Amino acid sequence: MVKNKLTVEDLENMIQLGNERLTDNAELVNSLNVFPVPDGDTGTNMNLSFTSGSDRVISNGATTVGDMANDLAKGLLMGARGNSGVILSQLFRGFSQSLAGKDTVDAIGLAAAFQKGVQTAYQAVMKPVEGTILTVARESAAEAEKAANETGDCVAVVKSLVKGAQISLDHTPELLSVLKEVGVVDSGGQGLTFIYEGFYEALTGQRPTRAVASTKVDLTSVAHHEFVDVAHASTGDIKYGYCTEIMVQIGEGETVCDTFDYDIFRNYLNELGDSLLVVADDEIIKVHVHTERPGNVMNYGQRFGSLVKVKVDNMRLQNNDFIKKDSTKEILEKSIEPQKEYAIIAIASGEGVGELFKSVGVTNLISGGQTMNPSTEDICIEIEKTNAKNVIILPNNKNIFMAANQAAEVLGDYVKVVLTKSIPLGLAAMLGFNPQATLAENVASMTEAISYVKSGQVTTAIRDTVIDSVEIHKNDFMSIVDGAIIASVPEEKEALTTALLAMLDEESEIVTIIVGEQGSTEIANEVAEKLLAEDDNLEVEVHTGNQPVYQYLFSVE
């Protein structure tokens, strides 16, 4: 079979089959996690992220390759979960940018789109590491480019893309020593390979022959996609009667006379009404506002680009309608309240952990963590609920860094991320918060606060392996300090004691132990007594966190 061009139908089939193959193999990808902890979630994150893009493709029914690629990228952007999901979203963001405006795409254009995706993903990662999904994407795109130049056949391009991905994936342990030590290939690279294999199957009806390796919901859906409940409101109570929504294509049209700045744009519209919600990326601005003058909203939007969608509802005429409500209503109700100076959002799991964060001043919580990474959209929605002038995000897990940063980039300069790698570091960061300081000053002081703290965890090994010369057996309790496994032992108490003793030094003053849902407060108290017996100048605190995965979280400062 030879295809000189791919149609929109071809691309849709590729996306759906790619999504199916990833879904079918998500647990296999999870199993490739390097650390033998019960939190291998790369497959889950990639699957949820790509499904978000696939769902938008199905929902919108684009009629050109360019528009469909854009739908995929938008859905991925807002659905991206974990670092693997964010990198995947960047790969297809670049892919879509290369296909913009195309009705169909030939072999050269298809290969160029994969190359553009690689460039975009590498730019999004501060310090790219080879032997990861980035390497698989880069080397497979290079093979696709060769096939395009040699054959001019889109099927040959995708076949070479798959072959290049498979070869690159098998080579990842040679580039990343920890993969070789554990005996697995890169999990993100494996997930991407499954997607590419689905692409090939969609074009040919055949699955690629090989053995399995050895071992932005869209951006606009954040905004009022269902309606406000006014069924029991009096028309006299409605101050701003027109529910107005516009979508602006940034930089397009003859009316453009200003450069878009999120904060300036939002502040201006805030003066025109209430229930304001503005969401933007580098191409689209979506606005929802209740106002008395819808025309003024439209005219202002046209200063920054062309209006691609306009919707105005007279809410006074809707007074007797029964209208569906969802979580967006909460965002809109919050925006009527006086704006707060600060909101601090912590991402965490466990009822007790949540109470600890609230006790130190955190205003909003997103349920999530090692086993359940929130998406970019989840974080954006929580930010909009805060109705705050300044927002600080504490991700409390390095696998959430990229989604948190992407949310901050989408919403503007009033949102900042303090890169807390763990729950204890998130709590420590709050010691540096000053409600009277500027946003920049708080980010600096909170970042400094975590630099004085060591953190660790105890969790259960899910398989036999060796990491950094530490021999690990299934069901052992692993002592993890600042991300490194330092011991693996059969006894829970020994694992906790070993980790904490390794963290103590002459300058240590405070030890905090947070007991998880599978941990023991009795054991934690016994270890606390042992530490005090060795150094009575220490202050040791034991809290009930009820967090999953980790029997104990702890810090020394």
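Refer to the preceding data block for the structure.
Here is a short report on the structure shown in this document. Quantities reported herein were computed from a predicted structural model and do not represent experimental measurements. (Residues numbered from 1 in each chain as written. Predicted model: local features only at pLDDT ≥ 70, side-chain atom pairs only at ≥ 80, totals over all residues. Heavy atoms only, no water.)

1. Observations regarding the packing of aromatic side chains
For clarity, the threshold we go by: Stacked, edge-to-face and tilted labels apply to pairs of Phe, Tyr and Trp rings (six-membered ring for Trp) whose centres lie within 6.5 Å, assigned for plane angles under 30 degrees, over 60, and everything in between, in that order. Type-normalised accessible area, obtained with a 1.4 Å probe on protein chains alone, sets the label of each residue: buried when under 20%, exposed when over 50%, and partly exposed for intermediate values. When the NZ atom of lysine or the CZ atom of arginine is within 6 Å of a ring's centre and also within 35 degrees of its normal, the charge is said to sit over that ring.
Applying the stated criterion to the full structure yields 13 aromatic pairs. Plain terms: the ring middles of Phe-260 and Phe-265 are 5.3 Å apart, the flat faces sit at 65 degrees to each other, and that makes the pair edge-to-face. Phe-260 sits in the partly exposed class, given a relative accessible area of 21%. Taking the relative accessible area as the measure of exposure, Phe-265 reaches 0% and is therefore buried. Lying across the ring of Tyr-414, Arg-266 places its NZ or CZ 4.2 Å from the centre.

2. Quick notes on helix H10 (residues 187–204)
Stated formally: Each helix corresponds to a stretch of at least 4 residues labelled H or I by DSSP, and each strand to a stretch of at least 2 residues labelled E; elements are numbered beginning at the N terminus. Here the expected span of a helix is defined as 1.5 Å times the quantity of residues minus one.
In this model H10 runs 26 Å from its N-terminal to its C-terminal C-alpha over 18 residues, within 8% of the 26 Å that 1.5 Å per residue would give. Most of H10 sits out of view: 16 of its 18 residues are buried. The first or second residue beyond H10 is Gly-205, which carries a positive phi of 80 degrees.

3. As for the pattern of salt bridges
To keep it simple, the criterion reads: One speaks of a salt bridge when a side-chain nitrogen belonging to Lys or Arg is within 4 Å of a carboxyl oxygen belonging to Asp or Glu.
One pass over the structure, following the stated rule, counts 15 salt bridges. Between Glu-526 and Lys-493 there is a salt bridge, and its shortest N-O distance comes to 3.1 Å. Here Glu-526, found in helix H20 (residues 521–534), pairs with Lys-493, found in helix H19 (residues 492–503); they are 33 residues apart in sequence, far enough to count as distant. Since its relative accessible area comes to 36%, Lys-493 is described here as partly exposed. One salt-bridge network, held together by shared partners, links Arg-21, Asp-24 and Glu-201.

4. A look at the environment of Gly-43
To keep things clear, this is the line we draw: Pairs of residues are marked as contacts when any of their non-hydrogen atoms sit within 4.5 Å.
Note on placement: Gly-43 falls in helix H3 (residues 42–60). Spatially, the C-alpha atoms of Gly-43 and Leu-192 are 9.8 Å apart, while their sequence positions differ by 149 residues. If we skip the residues at most four places from it in the chain, Gly-43 touches Ala-26, Val-29 and Asn-30.

5. Focus on the sheet that holds strand S9 (residues 388–394)
We apply this condition: By this definition, two strands are paired if DSSP reports at least two bridges between them. For every element, the axis is a line fit to its C-alpha atoms; helices are fit only across the contacting stretch, and the angle between N-to-C directions ranges from 0 to 180 degrees.
The 4 strands lie next to each other as S8-S7-S9-S10, forming an open sheet whose pairing is parallel. Every interior strand has two partners, whereas the edge strands, strand S8 (364–367) and strand S10 (415–417), have only one. Shown here is a sheet whose adjacent strand axes are inclined to one another by a mean of 20 degrees, direction ignored. Two strands pair when backbone bridges link them, and strand S7 (residues 340–348) and S8 are joined in this way by 4 bridges, in the parallel orientation. Bridging across to S8, Ile-345 finds its partner in Asn-364.

6. So, the sheet that holds strand S15 (residues 484–489)
Within a sheet, neighbouring strands are paired by backbone hydrogen bonds and run either parallel or antiparallel to one another. Strand order in the open sheet made by the 6 strands is S15-S14-S11-S18-S16-S17, with mixed pairing throughout. At either end of the open sheet lies a strand with only one pairing partner, and these are S15 and strand S17 (539–544). Taken over all neighbouring pairs, the strand axes of this sheet differ in orientation by 15 degrees on average, direction set aside. Alignment of strand S16 (residues 510–515) against strand S18 (residues 550–556), held across 5 bridges, turns out to be antiparallel. The residue bridging Thr-512 from the neighbouring strand is Ser-555, located in S18. Packing against the sheet, H19 makes contact with strand S11 (454–460), strand S14 (477–481), S15, S16 and S18, and its axis sits at approximately 20 degrees to S18. In this fold H20 packs onto S16, S17 and S18, with an angle of close to 175 degrees to the strand it touches most, S17.

7. Some words on the nonpolar core
Test applied: Remark: nonpolar core denotes a set of buried residues (Ala, Val, Leu, Ile, Met, Phe, Trp, Tyr, Cys) joined through side-chain atoms within 4.5 Å.
Core analysis: the biggest nonpolar cluster contains 90 residues, and Phe-50, Phe-92, Tyr-196, Ile-379 and Ile-383 have the highest contact counts within it. Setting aside its immediate chain neighbours within four residues, Ile-383 contacts Ile-345, Val-391, Ile-393, Ala-407, Leu-411, Tyr-414 and Val-415. Listed in part, the 27 residues of the second largest apolar core include Phe-357, Val-362, Met-446 and Val-549.

8. A look at the pairing of S9
Put simply, the rule is: When the strands point away from the viewer, a crossover counts as right-handed if the route from the first strand across the helix to the second turns clockwise.
Counting buried positions along S9 gives 6 out of 7 residues, so the element sits mostly inside the fold. With 6 bridges connecting them, S7 and S9 associate as parallel partners. The partner of Ala-346 across the bridge, within S9, is Leu-394. Read as a crossover between parallel neighbours, the route from S9 over helix H16 (residues 401–411) to S10 is right-handed.

9. Topic: the environment of Gln-547
Quick note on the threshold: Distance and chemistry together define a polar contact, namely a pair of N or O atoms within 3.5 Å, with one atom able to donate a hydrogen and the other to accept it when in protein, and with adjacent residues in sequence counting only for side-chain atoms on both sides.
Within the element layout of this structure, Gln-547 appears in the loop between S17 and S18. In this structure, the C-alpha to C-alpha distance between Gln-547 and Glu-517, residues 30 residues apart in sequence, is 5.6 Å. Among all residues touching Gln-547, those that are not within four sequence positions of it are Ser-349, Gly-350, Val-353, Ile-514, Val-515, Gly-516, Glu-517, Tyr-552 and Leu-553. A distance of 3.2 Å separates the side chain of Gln-547 from the backbone oxygen of Tyr-550, its partner in a polar contact.

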